[in-house]
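A structural walkthrough
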Amino acid sequence: MHRARASFVRPATLVAALLAVSGCSGGGEPAAKVPDPSPSGLVHYTPATGSPAPAASPSPTGSKECVQTAAMSVEQLTDYLKQLRSTSGNYQTRGLTLDSSGLNFTPEDIKRPCEAVSVKLAHYWVDLKKTHEANVVSGARYEYSYTLIGVASHTAGPQDGRLPDTAPPGPSACRGTVSVAYLGEDLALRDLPYDLKLVDSTAPVPVKVIGDGVLSAIYVSPPHPDSC
């Protein structure tokens, strides 16, 4: 039987970062550039530095493109974040990742969000119990149940960095963890994976979680599941 302790945290207030741009008019005076009003419109921004911004308008040649996300629906924002590439340059790497240290936001310079985005992160205990010993015909079989540890909203961007307090709790004997980053409605226990690969390693592995707003999910196995 699945067990869940509904310990939900209200989403944190989305932090909006308003970024302005300037161009040059034909008369030599700076002319304000109006951002594309559509949710996916690209505007220009100048990366923050360690010193206060100068009084003069930034040069268009030093600006970079960013995407306005404040008016996006959950579906639009989910698709956008799934397609947002990381600075690593590796194929199919994402700008918002979930690993054993938690959520990390490192998107490439173009098409990054102009403002901060709010992402939900849920952690679950996975309790294992062996129901069948391994033999020459088949491997060991287990049954397992989920318990919700907690859900919290975290603000990612527009600056790069690892989000504090997002790492999953460490596994213990016969108890692993599943962590899910998502948008929109909270997940049900039936949405969680029931085909986990049990290995003698605590390195996180990606798993599939049902849900339109799911961005990423990882499983951390107990250190020695065969002893459960």
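A brief structural summary. These figures come from a predicted structure and were not determined experimentally.

This part is about helix H1 (residues 74-83). Residues of H1 that are buried: Leu77, Thr78, Tyr80 and Leu81. Buried positions in H1, seen along its axis, are confined to an arc of 165° and lie on one side of it. Those residues of H1 that are exposed and aimed more than 90 degrees away from the buried face are Glu75 and Gln83.

Right, let's talk about the packing of aromatic side chains for a bit. Aromatic ring pairs: the centre-centre distance and the angle between the two ring planes describe each pair. What the rule picks out here adds up to four aromatic pairs. Residues tyrosine 144 and tyrosine 194 carry aromatic rings whose centres are separated by 6.0 Å and whose planes lie at 10° to one another, so their mutual orientation is stacked. Residue tyrosine 144 is located in strand E9 (residues 141-156), and its partner tyrosine 194 is located in the loop between strand E11 (175-182) and strand E12 (205-206); the two are separated by 50 residues in the primary sequence. Given a relative accessible area of 14%, tyrosine 144 falls into the buried group. Here the aromatic rings of tyrosine 146 and tyrosine 194 are separated by 5.5 Å at their centres, their planes lie at 85°, and the arrangement is edge-to-face. Of this pair, tyrosine 146 sits in strand E9 while tyrosine 194 sits in the loop between E11 and E12; the two residues are 48 residues apart in sequence, bridging distant segments of the chain.

This part covers the state of the cysteines. For the structure shown, the criterion picks out one disulfide. Through a disulfide, cysteine 66 is tied to cysteine 114; the S-S separation comes to 2.1 Å. When the S-S torsion is 95°, as for the bridge of cysteine 66 with cysteine 114, the disulfide is right-handed. Of this pair, cysteine 66 sits in strand E4 (residues 64-67) while cysteine 114 sits in the loop between strand E7 (112-113) and strand E8 (117-132), and the two are 48 residues apart along the sequence.

Moving on to the pairing of strand E6 (residues 102-105). For strand E5 (residues 96-99) and E6, the ladder comprises four bridges, and the chain directions are antiparallel. When the bridges of E6 are listed, leucine 98 appears paired with leucine 103. Of the strand pairs in this sheet, E6 and strand E10 (residues 161-162) are connected by two bridges, and their pairing is antiparallel. When the sheet's bridge partners are listed, asparagine 104 is paired in E10 with arginine 162.

With that out of the way, let us pick up the sheet that holds E11. Judged by pairing direction, the sheet is antiparallel, and its five strands sit side by side in the order E9-E8-E11-E13-E12 without closing on themselves. Strands with a single pairing partner mark the edges of an open sheet, and in this sheet they are E9 and E12. In terms of strand pairing, E8 meets E9 through 15 bridges, oriented antiparallel. Counted as the bridge partner of valine 126 is tyrosine 146 from E9.

This part is about the side chain of aspartate 191. Position of aspartate 191 among the secondary structure elements: in the loop between E11 and E12. Contact partners of aspartate 191, with chain neighbours within four places excluded, come to Val209 and Ile210.

Here the residue pair glycine 157 and proline 158 is connected by a cis peptide bond, since its omega of -5° sits within 30 degrees of zero. Within the fold, proline 158 resides in the loop between E9 and E10. Despite not being glycine, aspartate 165 has its phi angle at roughly 60°, a positive value. In this structure, cysteine 174 is a non-glycine residue whose phi angle is positive, near 60°. By secondary structure assignment, the location of cysteine 174 is in the loop between E10 and E11.

Rules behind the numbers
- Residues numbered from 1 in each chain as written.
- Predicted model: local features only at pLDDT ≥ 70, side-chain atom pairs only at ≥ 80, totals over all residues.
- Heavy atoms only, no water.
- Buried < 20%, exposed > 50% of the residue type's maximum accessible area, 1.4 Å probe, protein only.
- Helix = DSSP H or I, 4+ residues; strand = E, 2+ residues; numbered from the N terminus.
- Arc of directions from axis to C-beta.
- Phe/Tyr/Trp six-rings, centres within 6.5 Å; stacked < 30°, edge-to-face > 60°.
- Disulfide = S-S within 2.5 Å.
- Pairing = 2+ DSSP bridges.
- Contact = heavy atoms within 4.5 Å.

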